[in-house]
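What the coordinates show
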Amino acid sequence: YKKIATRFKHFIQDINTVWESYSVIEYYSNSLHNKVKNNIIELPSYTTLTYNSERKTSLSKDRVYGTFSHISSLQNPRNSLISAMLIFEEYISNLVEMVYIDYPQKCLTQSDDKTEMTEKLSSIIMDSKDKDEIIERIIEEKIRGIFYGNMSDLFIKDRAKLELKDTFKGDNAILIEKLKEINARRNIYVHNGGKIDRKYVRETKK
């Protein structure tokens, strides 16, 4: 249990770092906006991303205001959300990996496609040098498969066999609904330019 507790401690630290970064950027964006408005600091210039790398562009106040607005309303919250979800998924993945290493029998599942499962296992066995590598690769495949599906099933249906029991039922069920929305929102940022699509509506039911 000690290594799980240690990993959880690092997870909380990483999540808090994302939130702290978000808050600092939000604060200083507003602070710098006022300083630009009152001519307290100089307007910036930057090297444009063109073939002519020597070209410099100076920004007007309106352009700087637009940049602050972009950072505050889109870039900062979007990047923070994506970073937080990456940290969360990595934490859950590490947690599952630790459990499987200690209890490799939990990797055994009932698959509808026995042929595909047999072929995959045969390939892993043939390409591995020893038992430890076989187990390691089976765990990798198992974890990859978990995150291909609906992440909430990992908690509701205990797909990873973590023995979560009723932890995320009853009063805690709302946490899974929030997770669904957060994950769906992350996905539309990453895959659909931030625009709500049918998949988002289907997954969040709103």
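Cut-offs and rules
- Residues numbered from 1 in each chain as written.
- Predicted model: local features only at pLDDT ≥ 70, side-chain atom pairs only at ≥ 80, totals over all residues.
- Heavy atoms only, no water.
- Buried < 20%, exposed > 50% of the residue type's maximum accessible area, 1.4 Å probe, protein only.
- Helix = DSSP H or I, 4+ residues; strand = E, 2+ residues; numbered from the N terminus.
- Patch = residues over 30% accessible without salt bridge, like charges linked within 9 Å, V, L, I, M, F, W, Y side chains within 5 Å.
- Areas by Shrake-Rupley, 256 points an atom, 1.4 Å probe, with all protein chains shown as cover.
- Salt bridge = Lys/Arg side-chain N within 4 Å of Asp/Glu carboxyl O.
- Lys, Arg positive; Asp, Glu negative; His and termini not counted.
- Charge placed at Lys NZ, Arg CZ, Asp CG, Glu CD.
- Phe/Tyr/Trp six-rings, centres within 6.5 Å; stacked < 30°, edge-to-face > 60°.
- Core = buried A, V, L, I, M, F, W, Y, C linked by side-chain atoms within 4.5 Å.
- Contact = heavy atoms within 4.5 Å.

Here the phi dihedral of Lys161 falls at roughly 60°; this positive angle occurs in a residue that is not glycine. Classification of Lys161 by relative accessible area gives partly exposed; the value is 33%. With a phi close to 60°, Glu163 is a non-glycine residue in the positive phi region. For Glu163, the location among the structural elements is in the loop between α5 (151-156) and α6 (173-191).

Before going further, it helps to examine a negative patch on the surface. Together, Glu97, Asp130, Asp132, Glu136 and Glu140 make up a negatively charged patch on the protein surface. Of the residues forming the negative patch, the biggest block, three residues, is contributed by helix α4 (residues 131-148). Structurally, the position occupied by Asp130 is in the loop between α3 (114-127) and α4. Residue Asp130 is classed as partly exposed on the basis of its relative accessible area of 33%.

Below, the discussion takes up the packing of aromatic side chains. For the structure on display, the rule yields eight aromatic pairs. Here Phe8 and Phe11 contribute two aromatic rings whose centre-to-centre distance is 6.1 Å and whose plane-to-plane angle is 40°, an arrangement assigned as tilted. Here Phe8 pairs with Phe11, and both are found in helix α1 (residues 2-37), just three residues apart, close to one helical turn. Looking at Phe8, the relative accessible area reads 41%, which means it is partly exposed. Given a relative accessible area of 10%, Phe11 falls into the buried group. Look at Phe155 and Phe168: their rings are 5.1 Å apart centre to centre, the planes differ by 65°, and that puts the pair in the edge-to-face class. A residue pair is termed long-range when its members are at least 10 positions apart, and Phe155 in helix α5 and Phe168 in the loop between α5 and α6 qualify at 13 residues. Using a relative accessible area of 9% as the deciding quantity, one classes Phe155 as buried. Residue class for Phe168 comes out partly exposed when judged on its relative accessible area of 22%. Following the ring pairs from residue to residue traces out a cluster consisting of Phe8, Phe11, Phe88, Tyr91, Phe155 and Phe168.

Together, Val24, Tyr27, Tyr28, Leu32, Ile40 and Ile41 give the surface a local cluster of nonpolar side chains, amounting to about 580 Å² of exposed area. Residue position: Tyr28 is located in helix α1. You can call Tyr28 partly exposed: its relative accessible area is 47%.

The next thing to look at is the nonpolar core. Among the nonpolar cores identified, the biggest contains 24 residues, and Phe88, Val96, Tyr100, Phe155 and Leu162 are the most heavily contacted of them. Those elements that provide at least two residues to this core are α1, α2 (61-102), α4, α5 and α6. It is α2 that contributes the most residues to this core, 10 residues altogether. If we skip the residues at most four places from it in the chain, Phe155 touches Phe88, Ile92, Leu164, Phe168, Ile176 and Leu179.

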